[in-house]
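# Observations on chain architecture
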Amino acid sequence: MEGTLGWRSAQFRIKELTDGTVVAITSQPDSNNNNAQDIAWCCNFNSDWIHKLQLFQKDESNEYQKIAELPNENSPDNDDTPQSLGKAGEDIYGVRIDENSVKVVTFQQTDPLYVFDITDRDNPIFSGELADSGFSAYLHTFDDLILGVGYDANEWGNRLGMKVELYKSDATTADGIVSLDEYSFGTYANTPVEYDHHAFTSLDISDNKIRIAIPASVSNNSEENDYSGLLLFSLDKDNEALSFDGKVINTIDYHWSSWSDRAVIQHSEQGSVVHYIHLGKVISELWPDNE
């Protein structure tokens, strides 16, 4: 395998599919750059780095061989083609590999969300791109729906607060992907989901409805937090809609950071309960829309 799995979303950059194909999103220094050796061990991803989508399968000797990659001679690596896995100067922030598609988020000043079709393992192709403000640090798929958890940003690439956005892969549209719903929280908000996907919690409560809990620290100024706790959402798959149901606020102690917060969601005929875990203590509340 050429390159490394990087340091953002590394746990999502490689996956073995059910047919034995291994898919990897890799990063490596640009060999055409005179300073490539000097930056080979540096964590700063910039225009001197090349990001690739690579697919591998075992041969008769039980050794993995590369069967396809993007970019390639049909999909050149330049700023005019999204197959290059990002334009010059962009790093990879979010990745989600599924059986027949790969979603990749790159970021420098805007958030291009790229979608690649890997149904034909020997010929992966670009199938969609959506340029948006900010970036998604974590992607979670629900069939054709994609939930992005990350941050908004201004035209210079400066963060403007936490953002939760719902997308859909749609081959009938010009971009191949569309934004359906978006919620923003606090100019200085942050979430541990950016670094640890175990902080993200979801539960199917019916065939078409999903509860989602995301811990966050929310503030509109740099001096103090407005609150920390759980942000609660419901996803309606039939109507392709995301709703913000409310929040569970940290009232346990003065420690407002949400870096280790977790959630557990339970559901029965009587309704849903969410358990907010903060520093080994628990707040349990009914889901806000329960009758």
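Residues numbered from 1 in each chain as written. Predicted model: local features only at pLDDT ≥ 70, side-chain atom pairs only at ≥ 80, totals over all residues. Heavy atoms only, no water.

Of all hydrophobic cores here, the largest spans 53 residues; its most connected members are Leu53, Val102, Met162, Phe200, Ile212 and Ile214. Examining the composition of this core, we find that 6 residues originate from one element, strand β10 (residues 145-153), more than from any other. Non-local contacts of Phe200, meaning those with residues more than four positions away in its chain, are made with Tyr138, His140, Phe142, Leu147, Val149, Val193, Ile212, Ala213 and Ile214. Leu232, Ile265, Tyr276 and Ile283 belong to the second largest nonpolar core, which has 10 residues in total. (Core = buried A, V, L, I, M, F, W, Y, C linked by side-chain atoms within 4.5 Å. Buried < 20%, exposed > 50% of the residue type's maximum accessible area, 1.4 Å probe, protein only. Helix = DSSP H or I, 4+ residues; strand = E, 2+ residues; numbered from the N terminus. Contact = heavy atoms within 4.5 Å.)

One open sheet accounts for 4 strands, arranged β9-β10-β11-β12; its pairing is antiparallel. What marks the edges here is a single partner per strand, and that holds for β9 (135-142) and β12 (177-185). Looking at each pair of strands side by side, their axes are set apart by 20° on average, direction ignored. Alignment of β10 against strand β11 (residues 159-169), held across 9 bridges, turns out to be antiparallel. Note on β11: the bridge partner recorded for Ile146 is Tyr167. (Pairing = 2+ DSSP bridges. Axes fitted to C-alpha atoms, helices over the stretch in contact; angles between N-to-C directions.)

Attention now moves to the environment of Glu16. Following the sequence through the fold, Glu16 ends up in strand β1 (residues 14-16). What makes Glu16 exposed here is its relative accessible area of 52%. Between the C-alpha atoms of Glu16 and Ile97, which are 81 residues apart in sequence, the distance is 9.3 Å. For Glu16, the contacting residues outside a window of four places in its chain are Thr21, Val22 and Tyr64.

Chain-level pLDDT for the protein chain is 85 on average; 86% of the residues reach the 70-or-more range. Ranking the elements of the protein chain by mean pLDDT puts helix α1 (residues 36-39) last, at 47, and strand β13 (residues 201-204) first, at 98. Scored below 50 in pLDDT, residues 36-43 shows 10 contacts in the model against residues more than four places distant or in partner chains. (pLDDT = per-residue confidence, 0-100.)

Spatially, β13-β14-β15-β16 is the arrangement adopted by the 4 strands of the open sheet, whose pairing is antiparallel. Only two strands of the sheet have a single neighbouring strand rather than two, namely β13 and β16 (241-249). This sheet shows a mean twist of 20° between the axes of neighbouring strands, independent of strand direction. Looking at chain direction, strand β15 (residues 227-236) and β16 are connected through 8 bridges and run antiparallel. In the sheet register, Phe233 faces β16, and the bridge partner there is Phe244.

So, on to the pairing of strand β5 (residues 91-97). Most of β5 sits out of view: 7 of its 7 residues are buried. Pairing between β5 and strand β6 (residues 101-107): 6 bridges, direction antiparallel. In the sheet register, Val95 faces β6, and the bridge partner there is Val104. What sits between the antiparallel neighbours β5 and β6 is a turn of 3 residues.

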